[in-house]
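The residues making up each chain are set out below.
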Amino acid sequence: MIFLRNTILAILFISFQASLLHADTQTDKDTVLKLGMEMSNMRNMLEAFILIGAKVKYKNPTKKLKEGIVHYENMIDTIHHNYLNDEVIQQSIMTSRKAWPIVKGAMQLALQNEPLEKLKKGAIFIHGNIRTVIKEMAHMKNHIFKVSSIQDKEALNASIEIAASARRLSAHYMMDLWHLDDPTIEKHWKKGMKIYGDSMNTLQTSAYMKNPRFATLFRSVKKYHRYFEKMWEKPKIFSILIDKKADIAFRQAKEMTQIILQTK
C-alpha cells in the first residue's frame, strides 16, 4: 500500500514538473503560428530590401521592412518570456539574438540611401546570414511540436510550411532577378519548392481533404506551386505577379491552418 502510494506521488510529481517546464497547449499553438509567420516575415523583409534597392515603391517596401523588424523582435521577446523553463527554446533564442544584430544592421542599409552596389552586397550578406535566424525559428517550431500535445502536428506543420515557402519563393525570384552574385540562390529556390511540394503531399492524404473549403484551398496552392515552377524556368522579368501569387498562396495556406486548428 505504501509502495503504491509512493508510486502515485512520484508520477504526480513528475507530471507537475513537466507542466512547469512546458507551456500550455494553447500557448504552444499560438507560438508555432507566430514562428511560422516570422519565417515568412524574414523572406518578406529580404524581398522588401531588394525592392527598395531597385527603387520599386510597390506595397511600400520601406514600411514593410521597418514593421518586419519590429514584429520579429517582439515575437522573440514573447517566446522568451513564455518558455523561460524550456532549455531548448532558450538556447535557440540565445543563438537567434547573437545572429540577429548583424542581419538587422545589413537590412537597415536599405533605409539609408546607400549606393546600388553596396545594397547588392548587403542583400547577399543578408541571404547568407538570415538562414541562422530562420533555422532557429524552425528548430523552436519543431521542438514545440515534439513536446506539446497539439493534435494533427504533421498537417499543421505542412500548412505552415506552405505559407512560409510561398514567401520564400517570391524573395528568391526577386534575388535572381536582381542578378545577385550568389550561387546559392537556385539551390535555396529548389529547396523551397521541395518543402512546398512535400507539404502538399502530406495534406493531400489527410482527412482534411474531406472539408470542401480545405480541398478548394489545397487545389489553389497546388496551382501556385506549378506557377512558381514555370516562372523560374522562364527568362526573369520584373513582375509584381510573382509577389501577388505568393501573397495569395500565403493567405490561403493560413486559412488552411485555421481549418486544421478548428477541426475537432
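Refer to the structure printed above.
Read on for an overview of the structure. Along each chain, numbering runs from 1 in the same order as the chain's sequence is written. Thresholds applied to this predicted model are a pLDDT of at least 70 for local features of residues and 80 or more for the giving and counting of side-chain atom pairs; totals over whole chains, interfaces and linings are not thresholded and use all residues. Neither water nor hydrogens contribute to the side-chain values; these are computed over all heavy atoms in the structure.

### Points about the overall build of the protein
Each helix corresponds to a stretch of at least 4 residues labelled H or I by DSSP, and each strand to a stretch of at least 2 residues labelled E; elements are numbered beginning at the N terminus. Regarding its fold elements, the protein presents nine helices and zero strands. Beginning at the N terminus, the succession of helices and strands in the protein can be written as α-α-α-α-α-α-α-α-α. Buried means the residue's accessible area, taken with a 1.4 Å probe over protein chains only, is under 20% of the maximum for its type, while exposed means over 50%, and partly exposed covers the values in between. Counting every position in the protein, which comprises 264 residues, the buried fraction comes to 48%. Considering only contacts within the protein whose residues lie at least 6 apart along the sequence, 77% involve residues at least 24 apart. As displayed, the protein has an accessible area near 13800 Å², and 58% of this comes from carbon and sulfur atoms. Should any heavy atoms of two residues lie within 4.5 Å, those residues are counted as being in contact. All accessibility values rest on the Shrake-Rupley procedure with a 1.4 Å probe; residue burial counts only the protein chains present in the view.

### What to know about helix H6 (residues 153-177)
Taking 1.5 Å per residue, 25 residues should reach 36 Å; H6 reaches 36 Å between its end C-alpha atoms and fits that length. Of all the 25 residues making up H6, 21 are buried; the element is thus mostly covered by neighbouring parts of the structure. An expected span of 1.5 Å times one less than the residue number is assigned to each helix.

### Focus on the environment of Thr216
One can find Thr216 in helix H8 (residues 212-233). Its relative accessible area of 36% is what places Thr216 among the partly exposed residues. Sequence spacing of Thr216 and Gln252 is 36 residues, and the spatial spacing of their C-alpha atoms is 9.7 Å.

### Remarks on the pattern of salt bridges
Think of a salt bridge as a Lys or Arg side-chain nitrogen and an Asp or Glu carboxyl oxygen that are within 4 Å of each other. Following the criterion strictly, the structure yields 13 salt bridges and no others. Two residues, Arg97 and Asp77, come together in a salt bridge whose shortest N-O distance is 2.7 Å. Remark: Asp77 occurs in helix H3 (residues 61-82) and Arg97 occurs in helix H4 (residues 87-107); sequence separation between them is 20 residues. Under the relative-accessibility criterion, Asp77 is labelled partly exposed at 35%. For Glu161, the salt bridge goes to Lys141, with nearest N and O atoms at 3.0 Å. On the criterion of sequence distance, the pair formed by Glu161 in helix H6 and Lys141 in helix H5 (residues 116-147) is long-range, its members being 20 residues apart. Summarising the burial analysis for this pair, Glu161 and Lys141 share the class buried. Each of the salt bridges in this network shares a partner with another, and the network as a whole consists of Glu47, Lys59, Arg167, Asp243, Asp247 and Arg251.

### So, the packing of aromatic side chains
Each aromatic ring pair is described using two quantities: the centre-to-centre distance and the angle formed by the ring planes. When two rings of Phe, Tyr or Trp (its six-membered ring) have centres within 6.5 Å they constitute a pair, described as stacked for plane angles under 30 degrees, edge-to-face for angles over 60, and tilted for the intermediate range. What the rule picks out here adds up to five aromatic pairs. Seen from their ring centres, Tyr227 and Phe228 are 5.9 Å apart, and the 65° between their planes marks the pair as edge-to-face. One aromatic cluster is present, built from ring pairs that chain together Tyr196, Tyr227 and Phe228. By definition here, charges over rings are those cases where NZ of Lys or CZ of Arg is within 6 Å of the ring centre and within 35 degrees of the ring normal. The ring of Trp178 carries the charged tip of Lys120 above its face, separated from the ring centre by 5.7 Å. Above the ring of Tyr227, the side-chain terminus of Lys245 is found at 5.6 Å from the ring centroid.

### What to know about a positive patch on the surface
Like charges are joined within 9 Å and nonpolar side chains (Val, Leu, Ile, Met, Phe, Trp, Tyr) within 5 Å, but only among residues with over 30% relative accessible area and no salt bridge; these make up the patches. When charges are counted, Lys and Arg are positive and Asp and Glu negative, with His and the chain ends excluded. To locate a charge, the coordinates of NZ of Lys, CZ of Arg, CG of Asp or CD of Glu are taken. A cluster of like positive charges, contributed by Arg131, Lys135, Lys187 and Lys191, occupies part of the molecular surface. Elements represented by at least two residues in the positive patch include exactly H5 and helix H7 (185-204). Mapping Lys135 onto the fold places it in helix H5.

### Section: the side chain of Asp182
By the element assignment, Asp182 lies in the loop between H6 and H7. It is Arg131 that comes nearest to the buried, bridge-free Asp182 among opposite-charge side chains, at 5.6 Å. Nitrogen and oxygen atoms within 3.5 Å of one another constitute a polar contact, given that in protein one can donate a hydrogen and the other can accept it, and given that sequence-neighbouring residues count only through two side-chain atoms. Of note is the side chain of Asp182, whose polar atom sits 2.7 Å from the side chain of His127. Asp182 has contacts with Ile124, His127 and Met175, leaving out every residue within four places of it along the chain.

### Focus on the packing of H6 against H8
Close contact between H6 and H8 brings their axes to 11 Å; oriented N to C, the two are set at 15°. Between H6 and H8, the angle is such that the two are roughly parallel. For the element pair H6 and H8, the recorded crossing hand is left-handed. For the pair H6 and H8, the contacting residues are Ile162, Leu169, His172, Tyr173 and Asp176 in the first and Val221, Phe228, Met231 and Trp232 in the second. Among the residues making up the contact of H6 with H8, the classes are represented as seven nonpolar, one polar and one charged. Axis lines are fitted to C-alpha atoms, over the contacting stretch for helices. Their N-to-C directions set the angle, which ranges from 0 to 180 degrees. Throughout this description, any angle smaller than 35 degrees is read as roughly parallel, any larger than 145 degrees as roughly antiparallel, any in the 65 to 115 degree range as roughly perpendicular, and the remainder as oblique. Crossing chirality is assigned from the near helix's rotation relative to the far helix, an anticlockwise turn below a right angle marking it left-handed and a clockwise turn marking it right-handed. Under the grouping applied here, Gly and all other residues not named as nonpolar or charged are polar, the nonpolar ones being Ala, Val, Leu, Ile, Met, Phe, Trp, Tyr, Cys and Pro and the charged ones Asp, Glu, Lys and Arg.

### Observations regarding the environment of Ile89
Topologically, Ile89 is positioned in helix H4. Overall, Ile89 belongs to the buried group, its relative accessible area being 0%. Along the chain, Ile89 and His143 lie 54 residues apart, while their C-alpha atoms are 7.9 Å from each other. With residues up to four places along the chain from it excluded, the contact list for Ile89 reads Ile79, Tyr83, Met140, His143 and Ile144.

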